[in-house]
There are 2 protein chains.
Amino acid sequence: MLNVPEAKSEDITALMAEIGRRARAASRPLALATAERKHAALVAMVEAIRRGEDAILQANAIDLANGEEAGLSPAMMDRLKLTPDRIRALSDGIRTIAELRDPVGDVIAEWDRPNGLHIERVRTPLGVIGVIYESRPNVTADAGALCLMAGNAVILRGGSDSINSSSAIHACLVQGLKAAGLPADAIQLVPTTDRAAVGEMLKGLGGNVDVIVPRGGRSLVERVQNEARVPVFAHLEGICHLYIDRSAKLDMAVPLAVNAKMRRTGICGAAETLLVDRAVAQTHLVPILQAFADAGCEVRATDEVRAAFSAAVPAAEADWSTEYLDAIISVKLVDGVAGAIDHIDTYSSHHTEAIVAEDAATVERFFNEIDSAILLHNASTQFADGGEFGMGAEIGIATGRMHARGPVGVEQLTSFKYRVRGNGQVRP
Amino acid sequence: MLNVPEAKSEDITALMAEIGRRARAASRPLALATAERKHAALVAMVEAIRRGEDAILQANAIDLANGEEAGLSPAMMDRLKLTPDRIRALSDGIRTIAELRDPVGDVIAEWDRPNGLHIERVRTPLGVIGVIYESRPNVTADAGALCLMAGNAVILRGGSDSINSSSAIHACLVQGLKAAGLPADAIQLVPTTDRAAVGEMLKGLGGNVDVIVPRGGRSLVERVQNEARVPVFAHLEGICHLYIDRSAKLDMAVPLAVNAKMRRTGICGAAETLLVDRAVAQTHLVPILQAFADAGCEVRATDEVRAAFSAAVPAAEADWSTEYLDAIISVKLVDGVAGAIDHIDTYSSHHTEAIVAEDAATVERFFNEIDSAILLHNASTQFADGGEFGMGAEIGIATGRMHARGPVGVEQLTSFKYRVRGNGQVRP
């Protein structure tokens, strides 16, 4: 039903280079677009999706039929499936982004020099963002809208499973761009499912991609991080730790631990390892582990933990570096905050770690000595999320230390330049 | 005289991997070092250089003798040469860095969430910085000191011409680190002149280099930008433009233009192209060009400019994209600020551009529509410099849009993390 042009493999390089050139060309007017125009485009997209709901559902039906035939797993079929409710959620996401404050043009810092020069550091768009994702068609809308709000052109490369759904959603986004008088090339969807297109994007399309954001599972992120010749905003995994200090209140620790692990086990901010201060093993360990067990969580633990809590199964070395994304937690006793820091230093993916403690000096030490993107005190690791941080929306969470770290929201999708005002100054 | 261990070529990979591991290991205590301790180390380095002056000069004599034998150009020999005055300048540079405010731990932003969470974005070091440079031995001190102040470990890879001088300076830096109780591996100098070592650094030493800073000529920067698998802070060239608008005051434009080009022709912020608004060609063009000629600057210009100023020689297409780094300027008439923006969009290296104008709307348009790292109004392009920006010192100027842009000072050599404080919050 949908006309998805198929490119021959040998044409992929040329096709992608052309997409890169168009994105760069579109990024220029986009960088100058007012907040009002970007808002208007996003609102028009919501409208177009409302009008296009039937077409999107029809396209999705094709993807679902193809997926059925290809024998996709039930989990993948679920990720692929769109319903009127899910399409509404997708529209609501764009509406939320439309209400964000436009960061472009913000003066981040300004100062005067003794010679009278006034210097401003001003936010600008990053340029062109490449988003590589898998089966979730909603990323088309999320990522397209968020990049637009930051004044960036975006090249979307969705998974082959969802190509028809993504194309139908993309058509609505383009309608929104056109309605607001913005270039249609501001949001391009790669019109081929050839995997060589991903390779081309990772090479940067001749300098026409400024950053790549992978949205998907470990194997996708790993490929992107290994092959990309341009910067990447991503995290490979979220091996998040929760440490219960000797100064922790037990009645705070128990619900917080259960929430950190069990609220949603499949998100990157879910806790994977519980570290308990040996000093409170007698009082705190069993109540927390019992709460996990009551919540249906498997406990994998060291021998000394198992001696206190026989329902636990033995943890192997690999458990400390496993992101379960499931109702399983690894548990270990450590010698105070120093022991927790040592363990985290060794095994963490530098995403998110939390401490439950009342002693301020202990908390400061945890905060200072651990170099992860997000550190929390007396709060669940599941708050590691751009929405929960008040950013309105995020394109993902980054664990690198370059440019963006933690939730990547609209501000993190910007760069800056300097504006210097003088009155004839020459340099001596 | 100096004991520079020579590694066999087949050992380079192992040697560099070990240097990377040591740097990463050193970066941990370094990230926690107090401002006082870093200050003490820098002051001790100054002291060690004062004591080591004779040894540095002797090492430099070996480099100079080797350079003579190798037939280095007079310019390269001059870059290589150290004198007591130059060594003092190098010490003074470290002392300036020692007086900078330590940015690590600064709270860059903080806010509260409706659920009571308090979120802080806090500066952290970047990690490990690789600096690749050519013959100037002073980069050893500059780069080593600046990276240290930002809490980063640094791997220095100097040119083979200056290896003895760099080693002698490096020995003084290590004395300073040790005197302050900081790890000696915080500042490592690659002890081999094998070019394969550069290739290893560009590959990132197994994740143990976070960013590469090339300090040197175009061919070095080009190689680094093309081959690096880690982020790079650099500019390939500074094709900087000066635009004289119809609203410019002539008595401001003339000295400013001469300064922008001629104060120092060899720096990246020197103007390479003068664009004059056609509307004031009659009044402004010849006085400015005459001032260039009087200052000993060759003018390469379009035919219509040459018709007005016969001393100009013809400009070829290549002139518009040439960084002369010499007393030569290319000159063209443009149709107002729109014409200037078009030309700059096409030919600029996105480093620095300046406008001379009195009309505020014209200046805003220039500032908004040009996406270069530094834009100046009624001020010389030669102000494109970290010191002139008040940053105290810079490791270079970057034209990329990721992380650092413009002068890269101590703040730009940092990253950040989030600290979130709660009182038992769980995510609903």
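Residues numbered from 1 in each chain as written. Chains lettered and ligands numbered in written order. Predicted model: local features only at pLDDT ≥ 70, side-chain atom pairs only at ≥ 80, totals over all residues. Heavy atoms only, no water.

**Looking at the overall build of chain A**
In plain terms, the rule: Helical segments are the DSSP runs of H or I of at least four residues, strand segments are the runs of E of at least two, and each set is numbered from the N terminus. Throughout, radius of gyration means the C-alpha value; the globule benchmark is 2.2 Å times the number of residues raised to the power 0.38. For each residue, the accessible area found with a 1.4 Å probe, counting protein chains only, is set against the maximum for its type, and the residue is called buried under 20%, exposed over 50%, and partly exposed in between. Contacts are assigned to residue pairs that have any heavy atoms within 4.5 Å of one another. In these tables, accessible area is a Shrake-Rupley quantity obtained with a 1.4 Å probe, and a residue counts as shielded only by the protein chains included in the view. Only four residue types enter the charge count: Lys and Arg as positive, Asp and Glu as negative, with His and the chain ends excluded. Think of each charge as sitting on NZ of Lys, CZ of Arg, CG of Asp or CD of Glu.
A tally of helices and strands in chain A yields 14 helices and 16 strands. By the compact-globule yardstick of 22 Å for 428 residues, chain A fits well, its C-alpha radius of gyration being 24 Å. Seen along its three principal axes, the alpha-carbon backbone of chain A occupies a region of about 75 × 65 × 40 Å. In chain A, which comprises 428 residues, the share counted as buried stands at 58%. Across chain A, contacts joining residues at least 24 apart in sequence account for 73% of those joining residues at least 6 apart. When the accessible surface of chain A is summed, it comes to about 15,900 Å², and 49% of that surface belongs to carbon and sulfur atoms. Here chain A holds 43 positive side-chain charges and 55 negative ones, and the gap between their average locations is 7 Å.

**As for the sheet that holds strand β5 (residues 187–189) of chain B**
Residues and elements named next belong to chain B. Just so we agree on the cut-off: Pairing between strands requires that DSSP locate at least two bridges from one strand to the other. Axis lines are fitted to C-alpha atoms, over the contacting stretch for helices. Their N-to-C directions set the angle, which ranges from 0 to 180 degrees.
Taken in spatial order, the four strands line up as β5-β4-β3-β6 in an open sheet, and their pairing is parallel. Two strands close off the open sheet at either side, each with one partner strand: β5 and β6 (211–215). Across the sheet, the mean angle separating the axes of adjacent strands is 20° when strand polarity is ignored. By the bridge criterion, three bridges tie strand β4 (residues 153–157) to β5 in an arrangement that is parallel. By the bridge assignment, isoleucine 155 is partnered in β5 with glutamine 188.

**What to know about the domain arrangement of chain A**
To keep it simple, the criterion reads: Domain start and stop positions are those given by an automatic or database domain assignment.
Split into domains, chain A comes out as domain 1 (9–233 + 408–418) and domain 2 (240–387). Put simply, the middle of domain 1 of chain A and the middle of domain 2 of chain A, counted by C-alpha atoms, are 35 Å apart.

**Thoughts on the relation of the copies chain A and chain B**
Selection criterion: Alignment of copies: least-squares fit on C-alpha atoms of residues with pLDDT of at least 70 in both copies.
If you rotate chain A by 180° and push it 0.0 Å along the axis, it lands on chain B with an RMSD of 0.0 Å. Both copies are brought into coincidence by an operation consistent with a two-fold rotation axis. Across chain A, the rotation axis passes nearest the C-alpha of histidine 403 of chain A, at a separation of 2.0 Å. A symmetric contact is evident, with 100% of the interface residues of chain A recurring at the interface of chain B.

**Observations concerning the interface of chain A and chain B**
Note the following rule: The term buried area means the drop in 1.4 Å probe accessible area that two parts suffer when joined, counted for both and summed. What counts as a salt bridge is simple: a side-chain nitrogen of Lys or Arg found within 4 Å of a carboxyl oxygen of Asp or Glu. Pairing of N or O atoms within 3.5 Å defines a polar contact, subject to two protein rules: one partner must be a possible hydrogen donor and the other a possible acceptor, and residues neighboring in sequence count only if both atoms are side-chain atoms.
Opposite the 75 residues of chain A that make contact, chain B presents 75 residues. Summing both sides of the interface, chain A and chain B together bury roughly 5,900 Å²; the carbon and sulfur share of this comes to 50%. By the criterion of area lost to chain B, the three top residues of chain A are Arg401, Met402 and Arg427 of chain A, representing 14% of everything that side buries. Applying the counting criterion to the chain A and chain B interface returns eight salt bridges. Salt-bridge contacts for aspartate 210 of chain A lead to arginine 401 of chain B; the nearest nitrogen and oxygen are separated by 3.1 Å. Taken together, the links from chain A to chain B amount to 50 residue pairs in polar contact (both at pLDDT 80 or more).

**Considering the sheet that holds strand β11 (residues 328–334) of chain A**
As summarised here, the arrangement of the ten strands in space is β10(A)-β9(A)-β11(A)-β8(A)-β7(A)-β12(A)-β13(A)-β16(B)-β2(B)-β1(B), forming an open sheet in which the pairing is mixed. The open sheet has two edge strands, β10 (313–314) of chain A together with β1 (107–112) of chain B, and neither has a second partner.

**Re the pairing of β6 of chain B**
Residues and elements named next belong to chain B. Counting buried residues along β6, four of its five residues qualify, which places the element largely inside the surrounding structure. Pairing between strand β3 (residues 128–133) and β6: five bridges, direction parallel. Counted as the bridge partner of valine 131 is valine 213 from β6.

**Some points on the side chain of threonine 124 of chain B**
In this fold, threonine 124 of chain B is placed in strand β2 (residues 118–125). Assessed through its relative accessible area of 5%, threonine 124 of chain B is described here as buried. When neighbours within four sequence positions are excluded, threonine 124 of chain B is seen to be in contact with Asp371 and Arg405 of chain A together with Val104, Thr414, Ser415, Phe416 and Lys417 of chain B.

**What about the state of the cysteines?**
Residue and element names in this part refer to chain B. Heads up, the rule is: Disulfide: a pair of cysteine sulfur atoms within 2.5 Å of each other.
Under the defined criterion, the tally for this structure stands at zero disulfides over all chains. Sulfur of cysteine 240: no disulfide; nearest cysteine sulfur belongs to cysteine 268 and is 6.7 Å away. Its relative accessible area of 0% is what places cysteine 240 among the buried residues.

**Side note on unusual backbone geometry**
Negative phi values dominate among residues other than glycine, just as trans dominates among peptide bonds. Residues and elements named next belong to chain B. Its identity is not glycine, yet leucine 325 carries a phi of approximately 50°, on the positive side. Checked against the element boundaries, leucine 325 lands in the loop between β10 (313–314) and β11 (328–334). Residue class for leucine 325 comes out partly exposed when judged on its relative accessible area of 37%. You will see that asparagine 378, though not glycine, has its phi angle at about 50°, which is positive.

**Things to note about the packing of helix α6 (residues 138–149) of chain B against helix α7 (residues 163–179) of chain B**
Residue and element names in this part refer to chain B. Inclusion rule: In this scheme, roughly parallel covers angles under 35 degrees and roughly antiparallel covers those over 145, while 65 to 115 is roughly perpendicular and the rest are oblique. Two helices crossing with the near one rotated counterclockwise from the far one by less than a right angle form a left-handed crossing, whereas a clockwise rotation gives a right-handed crossing. Only Asp, Glu, Lys and Arg are considered charged, only Ala, Val, Leu, Ile, Met, Phe, Trp, Tyr, Cys and Pro nonpolar, and every remaining residue, Gly among them, polar.
At a minimum axis distance of 9 Å, the contact between α6 and α7 shows a crossing angle of 25°. Taken as axis vectors, α6 and α7 run roughly parallel relative to one another. When the axes of α6 and α7 are compared, the crossing they make is right-handed. Within the contact between the two elements, α6 uses Thr140, Ala141 and Leu148 and α7 uses Ser166, Ile169, His170, Leu173 and Leu177. By residue class, the composition of the contact of α6 with α7 is five nonpolar, three polar and no charged.

**Observations regarding the environment of leucine 64 of chain B**
Residue and element names in this part refer to chain B. Counting through the fold element by element, leucine 64 comes out in helix α3 (residues 53–70). Classification of leucine 64 as buried rests on a relative accessible area of 16%. Along the primary structure leucine 64 and arginine 401 are separated by 337 residues, whereas in three dimensions their C-alpha atoms are 39 Å apart. Apart from residues no more than four positions distant in its own chain, leucine 64 is found in contact with Met77, Leu80 and Lys81.

**What to know about helix α5 (residues 84–98) of chain A**
All names here are of chain A. The line we're drawing: Given the number of residues in a helix, its expected span is that number minus one, multiplied by 1.5 Å. Our arc is simply the arc of the directions from the helix axis toward the C-beta atoms.
Its 15 residues place the ends of α5 21 Å apart at the C-alpha level, agreeing with the 21 Å of an ideal helix rising 1.5 Å per residue. Regarding α5, the residues found buried are Ile87, Leu90, Ser91, Ile94, Ile97 and Ala98. Projection of α5 onto a plane perpendicular to its axis shows the buried side chains occupying an angular sector of 115°, all on one side. Where α5 is buried, its residues touch α2 (35–51), α3 (53–70), α6 (138–149) and α7 (163–179).

**A look at the pairing of strand β2 (residues 118–125) of chain A**
Residue and element names in this part refer to chain A. Most of β2 is tucked away: seven of the eight residues are buried. Hairpin geometry of strand β1 (residues 107–112) and β2 is characterised by an intervening segment of five residues between the two adjacent antiparallel strands and by a positive phi of about 95° at glycine 116. Summarising the sheet, β2 and strand β16 (residues 414–425) pair through eight bridges and their orientation is antiparallel. Across the sheet, residue glutamate 120 finds its bridge partner in β16, namely arginine 419.

**Some details on the pattern of salt bridges**
If you walk through the whole model with that rule in mind, you get 60 salt bridges over all chains. The salt bridge partner of arginine 306 of chain A is aspartate 303 of chain A, with a shortest N-O separation of 3.7 Å. Here arginine 306 of chain A and its partner aspartate 303 of chain A are both found in helix α12 (residues 303–308), three residues apart, which amounts to about one turn of the helix. Members of the salt-bridge network, linked through shared partners, are Arg24 and Asp210 of chain A together with Asp371, Arg401 and Arg405 of chain B.

**Considering the side chain of threonine 399 of chain B**
Residues and elements named next belong to chain B. If you trace the backbone, threonine 399 turns up in the loop between β14 (397–398) and β15 (406–407). In this structure threonine 399 comes out as buried when scored by relative accessible area, which is 17%. Aside from chain neighbours lying at most four places away, what touches threonine 399 is Ala234, His235, Leu236, Ser349, His350, His351 and Arg405.

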